[in-house]
Amino acid sequence: MPGSRAYGAARVPEQVRGEHTHCDPQGSGAGEGAGPGQVRRHSVRGQILAALRGALVSGSLVPGEVYSAPVLGERFGVSATPVREAMQQLAQEGAVEVVPNRGFRVARRSAGELAELAEVRALIEVPVMLRLARTVPSDLWDGLRPVADATATAAALGDRAGYAECDRAFHRALLALSGNQQLVMVADDLHRRSQWPLVSAPALSRADLIADAAEHAALLEALTAGDLPAVQSLVQGHFTGGPGRRPAR
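These numbers come from a predicted model, not from an experiment. (Residues numbered from 1 in each chain as written. Predicted model: local features only at pLDDT ≥ 70, side-chain atom pairs only at ≥ 80, totals over all residues. Heavy atoms only, no water.)

Positionally, His238 belongs in helix 10 (residues 228-240). Within polar-contact distance, the side chain of His238 engages the side chain of His171 at 3.4 Å. (Helix = DSSP H or I, 4+ residues; strand = E, 2+ residues; numbered from the N terminus. Polar contact = N/O pair within 3.5 Å; in protein donor to acceptor, adjacent residues only side chain to side chain.)

What follows is the structure in structure tokens.
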């Protein structure tokens with residue numbers, strides 16, 4: 001909804017309805033067990049935040065457009081308060097900006113910003129992955145295959161929001177083997193920010209998601225084999241994008 005149009009034109013974030021792949025084994029994703037356009041009352045703020053993050057990834061919340069907390073709250077079937085609190089969290093993360101007396105504007109991002117995020121992620125994660133490839137027993141990598149499989153499932157469904165969730169879960173699981181929780185949190189924040197769509201480019205296609213998920217499986221194979229050149233090439237390429245591909249989200 002352009003800022004000059006009525007708030008009533010705002011769309012309901014699509015993550016709260018329809019088919020969606022969840023990587024959380026506790027099933028805490030927004031929209032579970034709820035009717036269309038609503039979320040369960042339990043942990044409402046967290047569910048709204050998860051739904052809005054999914055809507056950012058899917059493009060349901062459009063870069064540059066302004067959304068009103070009361071209108072979104074009405075569409076979710078909750079008060080404006082948890083929506084406003086979730087939006088404030090997204091503002092702290094840089095996903096939206098506060099527009100006084102109007103609501104929240106979804107941030108516009110450029111290809112340059114995405115490239116900068118990819119560079120920083122590579123600087124952090126490439127050396128960590130190389131160290132882990134030298135030190136982690138091969139059987140521990142086998143334990144991550146179900147997490148990689150979840151990304152492949154979401155990709156096959158063309159579920160962008162579900163894929164984003166599973167993709168971050170896979171990278172968190174990899175980095176958690178470093179034993180450095182601060183590293184995991186910093187890398188996950190960078191990863192989440194890299195998943196917000198560009199205003200000037202179409203959303204990732206199903207083929208893009210499938211190719212990205214295939215790189216997860218290939219990376220696990222290289223890590224299990226202790227193939228350091230392959231690990232470096234895969235991780236670096238995963239962030240910067242190979243020939244004909246945009247950088248991974």
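Let's shift gears to the pairing of strand 2 (residues 96-99). Where strand 2 and strand 3 (residues 103-106) come together, four bridges link them in antiparallel fashion. The residue of strand 3 that forms the bridge with Glu97 is Arg105. Following strand 2, the chain reverses through three residues before pairing antiparallel with strand 3; Asn101 in that reversal takes a positive phi of roughly 65°. (Pairing = 2+ DSSP bridges.)

Pairing is antiparallel in the open sheet, where three strands are placed in the order 1-3-2. The open sheet has two edge strands with one neighbour each: strand 1 (66-67) and strand 2. Sheet contacts for helix 3 (residues 80-93): strand 1, strand 2 and strand 3; angle to strand 2, the most-contacted strand, approximately 120°. (Contact = heavy atoms within 4.5 Å. Axes fitted to C-alpha atoms, helices over the stretch in contact; angles between N-to-C directions.)

The full count for this structure, using the stated rule, is nine salt bridges. Asp142 is the salt-bridge partner of Arg145, the closest N and O atoms lying 3.2 Å from each other. For Arg145, a relative accessible area of 25% corresponds to the partly exposed category. Accessibility expressed as a relative area gives 39% for Asp142, which makes it partly exposed. Two residues, Arg172 and Asp188, come together in a salt bridge whose shortest N-O distance is 3.2 Å. Residue Arg172 is located in helix 7 (residues 160-176), and its partner Asp188 is located in helix 8 (residues 181-194); the two are separated by 16 residues in the primary sequence. Owing to a relative accessible area of 31%, Arg172 belongs among the partly exposed residues under this scheme. Residues joined in a network through salt bridges with shared partners are Arg168, Arg172, Asp188 and Arg192. (Salt bridge = Lys/Arg side-chain N within 4 Å of Asp/Glu carboxyl O. Buried < 20%, exposed > 50% of the residue type's maximum accessible area, 1.4 Å probe, protein only.)

In this structure, Asn101 is a non-glycine residue whose phi angle is positive, near 65°. Looking at the secondary structure, you find Asn101 in the loop between strand 2 and strand 3.

Per-residue confidence for the protein chain gives a mean pLDDT of 80; residues scoring 70 or more make up 78%. Taken element by element, the predicted model of the protein chain shows its lowest mean pLDDT in helix 1 (residues 44-58) (88) and its highest in helix 6 (residues 145-157) (95). Confidence over residues 1-21 falls short of pLDDT 50; this stretch has 67 contacts with residues more than four positions distant or in other chains. Below a pLDDT of 50 lies the segment residues 242-249, which in the model reaches 27 contacts outside its immediate sequence neighbourhood of four places, other chains included. (pLDDT = per-residue confidence, 0-100.)

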